[in-house]
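Coordinate analysis (summary)
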Amino acid sequence: MAIVNVSDQNFAQETAKGLVLADFWATWCGPCKMIAPVLEEIDGEMEEKVQIVKLDVDENQETAGKYGVMSIPTLLLFKDGEVVDQVVGFQPKEALVELINKHA
């Protein structure tokens, strides 16, 4: 599966089933740009285990507020619609793979 851009309207639906890594980001955020290729790699290697979605916090403030996102990038890991883990800031690929495997 490819990385999906989500919005306030479909966020709950897209994170409701299975393991989903949600990337809260913005176009002007440097660390967000740094983590994007890392997420692309993970998506290519772990698509059987996890779906990755991206939410632009500037355009979707309702969802960002609901989950208390204050800094970006914030990555929330959902399992069947519930937040099971969270990391803030740039993370190396190994740390994200470990995070996903912990809950897969």
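In the block above lies the structure referred to throughout.
Since the structure is predicted, the reported quantities are computational estimates derived from the model, not experimental observations.

1. So, the state of the cysteines
The full count for this structure, using the stated rule, is 1 disulfide. In this model, cysteine 29 is linked to cysteine 32 through a disulfide, with the two sulfur atoms separated by 2.3 Å. Disulfide cysteine 29 to cysteine 32: torsion about the S-S bond roughly 80°, handedness right-handed. No difference in accessibility class separates cysteine 29 from cysteine 32, as the two residues are buried.

2. Overview of the sheet that holds strand S4 (residues 74-79)
Neighbouring strands of a sheet are bound in pairs by backbone hydrogen bonds; such pairs are parallel or else antiparallel. Strand order in the open sheet formed by 5 strands is S1-S3-S2-S4-S5, and the pairing between neighbours is mixed. Only two strands of the sheet have a single partner each, and these edge strands are strand S1 (4-6) and strand S5 (82-88). Put simply, the sheet's adjacent strands are angled 25° from each other on average, direction ignored. Direction of pairing for strand S2 (residues 19-25) relative to strand S3 (residues 51-56): parallel, over a ladder of 6 bridges. Looking at S3, one finds that valine 20 is bridged to glutamine 51. Of the strands in this sheet, S2, S4 and S5 touch helix H4 (residues 93-103), which is tilted by about 165° from S5.

About the criteria used
- Residues numbered from 1 in each chain as written.
- Predicted model: local features only at pLDDT ≥ 70, side-chain atom pairs only at ≥ 80, totals over all residues.
- Heavy atoms only, no water.
- Disulfide = S-S within 2.5 Å.
- Buried < 20%, exposed > 50% of the residue type's maximum accessible area, 1.4 Å probe, protein only.
- Pairing = 2+ DSSP bridges.
- Helix = DSSP H or I, 4+ residues; strand = E, 2+ residues; numbered from the N terminus.
- Axes fitted to C-alpha atoms, helices over the stretch in contact; angles between N-to-C directions.
- Contact = heavy atoms within 4.5 Å.

None of the figures reported here should be taken as evidence of function without further support.
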